[in-house]
Structure formats: C-alpha cells, structure tokens
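So the chains spell out like this:
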Amino acid sequence: MSTTTAIERDAATRVRLRIPNHLGVIMDGNGRWALSRGRPRTDGHLAGVRAVRQLVRLAIDYGIPYVTVFGFSSENWRRPPDEVNFIFGLLRRFVASDLETLIRNNVQVRIIGSREGLDPSLLRLIEDTERKTAANPGLVLVIAFNYGGKAEIANAVRRIAGAVARGEIAPEAINEETVAAALYTAGLPDPDLIIRTSGEQRISNFLLWQGAYAELVFIRDNWPDFDERTFVAALEEFTARDRRFGAVEAQVS
Ligand code: IPE
Ligand code: IPE
Ligand code: MG
C-alpha cells in the first residue's frame, strides 16, 4: 500500500535534485501579469516582491548558497518615469520591511549595479543594508539593481586601465581573474543556473561575464506566479542537463 506522506515525497524529490551553487533569476513578466488582470503595471511589480520573498524562502529551504535577482536594469531607465520611480520606491520598501526577517534568517544582502547618480538617501540605505548583513553566514542574496552587464564590464576595464596607468599592474599580467576581481561580483562564484520567467528567451544584459557557462532555464509563468512548483521544475531541468564546460565527457560540477 502506498502511504508516502507529503514530507517523504518532498524528501525524495530533494534527493534527486541537483542544487545549484548560485542561482540567477531574471524576474520578468510583472507588467504582463498585471495587464492580464486589468490592473496597472505597478501592481505587477508589487506582486513581484511577494514572489521574491517566496524565492528567498525556497532558496534557504533547499540549501542554495547564492541567489542573484535582477531587479532593475540599466536599460529600464527607458520606461516611463512614474514606473521607474515606483520600482525605486519598491527597493526602499522591500529593504525597510524585510531587513529584520532577512537578518533573522541569516541572509547576507549584496546590491550590485551602478551607484552613480543614485539618490544619497538610497545610497545610504544600500550601504547600511550591506553592512548590517555582512557577517550573516546564510544565504547570500544579491540584488542586481541599476545593473547592466556591459556597463559592469566597461567599469571593470576603466578600473583596470587606471591601475595600469598608475603602474600598479602590467598589461601582460591582466588575466580572467583580474577582470573578475574588478566586476561588481568580485568574490562571488559564477552562477551555474540562470532562470528567466515570462517565456522570453534572452539574457537582457544580465551577468554577461559571470554567466558564461550557466545553464539557462526559461519558464512560461510570469514572475508574480513563481512558486515552489515552478522552482522545482526549474531545478529538475537543471538536474537533467549535461554540463561539459568545453570538454567531451559529462563533468561533475
Ligand atoms: C520585470 O517585469 C520587472 C522589471 C523589469 C523591473 P516587467 O516590468 O519587465 O514586465 P513585462 O515584461 O513588461 O511584462
Ligand atoms: C530584464 O527584463 C530586466 C529585469 C528583469 C530587471 P526586461 O523586461 O527589462 O527585459 P527586455 O526589455 O524584455 O529585454
Ligand atoms: Mg519585461
């Protein structure tokens, strides 16, 4: 007689899942989620924050060490100012309302992206959040905000060129480690899985350098509908992938 409990089924699912070391998430489809319900796009962004909370809970629960979420791209400035302002306000509200919970759950928060031209009060909030959570030993939650992969690489090149001009580094000594160390993500492992919701199949300037060998999983659901079912489905797809890193045999990562 089959009497497996939900907990046993759960445990069985987990055993066969390969857990990524660093999960990147392109949270897309907030606007479409709202519009399909006859609501303003901003409602979609609000619902998107609830999905971020759910993602954080799932990442902790399944033991994923690093999660990077794409919250606002350097190209999202092309949107109407009201929507841009709303998204910036959401970052503030998320930090204000969730910081205590994040700290209680040992989450370390890092915010990557350009800080140039950001409002001084937002800058202070970002720095405070990073400082208050820096010693937390749990999940590392990276928020890519005002982030663009090309801008990040250009910024790294500028920093390295400055070091060369000051005679601190010889041009011949520049290697992949030098570049990686000059990116916003210095010290973080590369993502091994990047998922994107809403059915779009592109990278949209997310972790261009770091995602060189990431597995890409595209999910049909819009971001606000993201839940454990979608999360497990993405991990199952990741588990089934054969990661070769340029070699011929399947490699254990
Ligand atoms: C993702 O949802 C959130 C951000 C890019 C800030 P969108 O706002 O891109 O939603 P769609 O893609 O227009 O539906
Ligand atoms: C990517 O989504 C950026 C974020 C999820 C923050 P977009 O909705 O901006 O990407 P495109 O415009 O469809 O490529
Ligand atoms: Mg979009």
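Residues numbered from 1 in each chain as written. Chains lettered and ligands numbered in written order. Predicted model: local features only at pLDDT ≥ 70, side-chain atom pairs only at ≥ 80, totals over all residues. Heavy atoms only, no water.

Right, let's get into helix H3 (residues 41-62). With 22 residues, H3 should reach 32 Å at 1.5 Å per residue; the first-to-last C-alpha distance of 31 Å fits that figure. Remark: Gly63 follows H3 within two positions and exhibits a positive phi of approximately 75°. (Helix = DSSP H or I, 4+ residues; strand = E, 2+ residues; numbered from the N terminus. Expected span 1.5 Å × (residues − 1).)

Turning our eyes to something else, we now look at the nonpolar core. Counting residues in each nonpolar core, the largest one holds 45 residues, and the members touching the most others are Leu23, Leu55, Val67, Ile143, Ile195 and Phe231. Residues in contact with Val67, not counting those within four places in the same chain, are His22, Leu23, Leu55, Ala59, Leu139, Val140, Leu141 and Val142. Counting 13 residues, the second-largest nonpolar core is a separate cluster that includes Val140, Ala144, Tyr184 and Phe206. (Core = buried A, V, L, I, M, F, W, Y, C linked by side-chain atoms within 4.5 Å. Buried < 20%, exposed > 50% of the residue type's maximum accessible area, 1.4 Å probe, protein only. Contact = heavy atoms within 4.5 Å.)

Another aspect to go through is the pairing of strand S5 (residues 193-196). The alternating pattern of S5 places Leu193 and Ile195 and Ile194 and Arg196 on opposite faces, both of which are buried. Examined bridge by bridge, strand S1 (residues 22-26) and S5 share four bridges and lie parallel to one another. Note on S5: the bridge partner recorded for Leu23 is Leu193. In the sheet, S5 pairs with strand S6 (residues 215-218) via four bridges, with the strands oriented parallel. Looking across to S6, one finds that Ile195 is bridged to Val217. (Pairing = 2+ DSSP bridges.)

Lining the immediate environment of ligand 1, one finds 13 residues, of which Asp28, Gly31, Arg32, Arg41 and Arg79 sit closest. Backbone polar atom of Gly29 to an oxygen atom of ligand 1: 3.3 Å apart, as the coordinates give it. A total of 380 Å² of accessible area belongs to ligand 1 in isolation, and the protein chains cover 87% of it. Elements that contribute at least two residues to the shell around ligand 1 include exactly helix H2 (30-35), H3 and helix H4 (81-104). Sort the elements by how many residues they give to the shell around ligand 1 and H2 lands first, with three residues. (Near = heavy atom within 4 Å. Polar contact = N/O pair within 3.5 Å; in protein donor to acceptor, adjacent residues only side chain to side chain. Areas by Shrake-Rupley, 256 points an atom, 1.4 Å probe, with all protein chains shown as cover.)

We now examine the layout of surface pockets. By volume, the largest pocket is sized at about 710 Å³. Together, 31 residues line the largest pocket, and Met27, Phe70, Gly71, Phe72 and Asn76 are the ones closest to its centre. Class assignment of the residues belonging to the lining of the largest pocket gives a composition of 14 nonpolar, nine polar and eight charged. Counted as a void, the second largest pocket has a volume near 170 Å³. As for the second largest pocket, its lining consists of Arg53, Val56, Arg57, Ile60, Phe94, Asp98, Thr101, Leu102, Asn105 and Val107. Residue assignment for the lining of the second largest pocket shows that the elements contributing at least two residues are H3 and H4. Partitioned by chemical class, the residues of the lining of the second largest pocket number five nonpolar, two polar and three charged. (1 Å grid on protein atoms, 1.4 Å probe; cavity = no way out; pocket = protein on both sides within 12 Å on 5 of 7 lines; lining within 4 Å. Points joined across faces, edges and corners; volume = space filled by probe spheres on them. Nonpolar A, V, L, I, M, F, W, Y, C, P; charged D, E, K, R; others polar.)

Moving on to the site of ligand 2. The local shell around ligand 2 consists of Ile26, Met27, Asp28, Phe70, Gly71, Phe72, Ser73, Asn76, Arg79, Arg196, Arg202 and Ser204. One of the side-chain N or O atoms of Arg202 is found 2.8 Å from an oxygen atom in ligand 2. Here an oxygen atom of ligand 2 sits 2.6 Å away from a polar atom, N or O, in the side chain of Ser204. In the complex, 78% of the free accessible area of ligand 2, which totals 390 Å², lies under the protein chains. Of all the cavities here, the one that holds ligand 2 is the largest pocket. Here the element with the most residues in the shell around ligand 2 is strand S2 (residues 66-73); it accounts for four residues. A class-by-class count of the residues in the shell around ligand 2 yields four nonpolar, four polar and four charged. (Sits in = over half its atoms within 2 Å of the grid points.)

Our focus in this paragraph is the packing of aromatic side chains. Each aromatic ring pair is described using two quantities: the centre-to-centre distance and the angle formed by the ring planes. By the definition in use, this model includes 13 aromatic pairs. With a centroid separation of 5.8 Å and an interplanar angle of 80°, the aromatic rings of Phe70 and Tyr147 are classed as edge-to-face. With Phe70 in strand S2 and Tyr147 in strand S4 (residues 140-147), this pair connects stretches of sequence that are 77 residues apart. With a relative accessible area of 7%, Phe70 lands in the buried category. Residue classification places Tyr147 among the buried positions, given a relative accessible area of 0%. Considering the side-chain rings of Tyr147 and Tyr184, the 6.1 Å spacing of their centres and the 65° angle between planes classify their relative orientation as edge-to-face. Of the two residues, Tyr147 sits in strand S4 while Tyr184 sits in the loop between helix H7 (176-182) and S5, which places them 37 residues apart along the sequence. Like Tyr184, Tyr147 is buried. Among the aromatic residues, ring-to-ring pairing joins Tyr62, Trp223, Phe226 and Phe231 into one connected group. For the cation-ring pair, Arg18 lies above Phe238, with the distance from its terminal atom to the ring centre recorded as 5.0 Å. (Phe/Tyr/Trp six-rings, centres within 6.5 Å; stacked < 30°, edge-to-face > 60°. Lys NZ or Arg CZ within 6 Å of the ring centre and 35° of its normal.)

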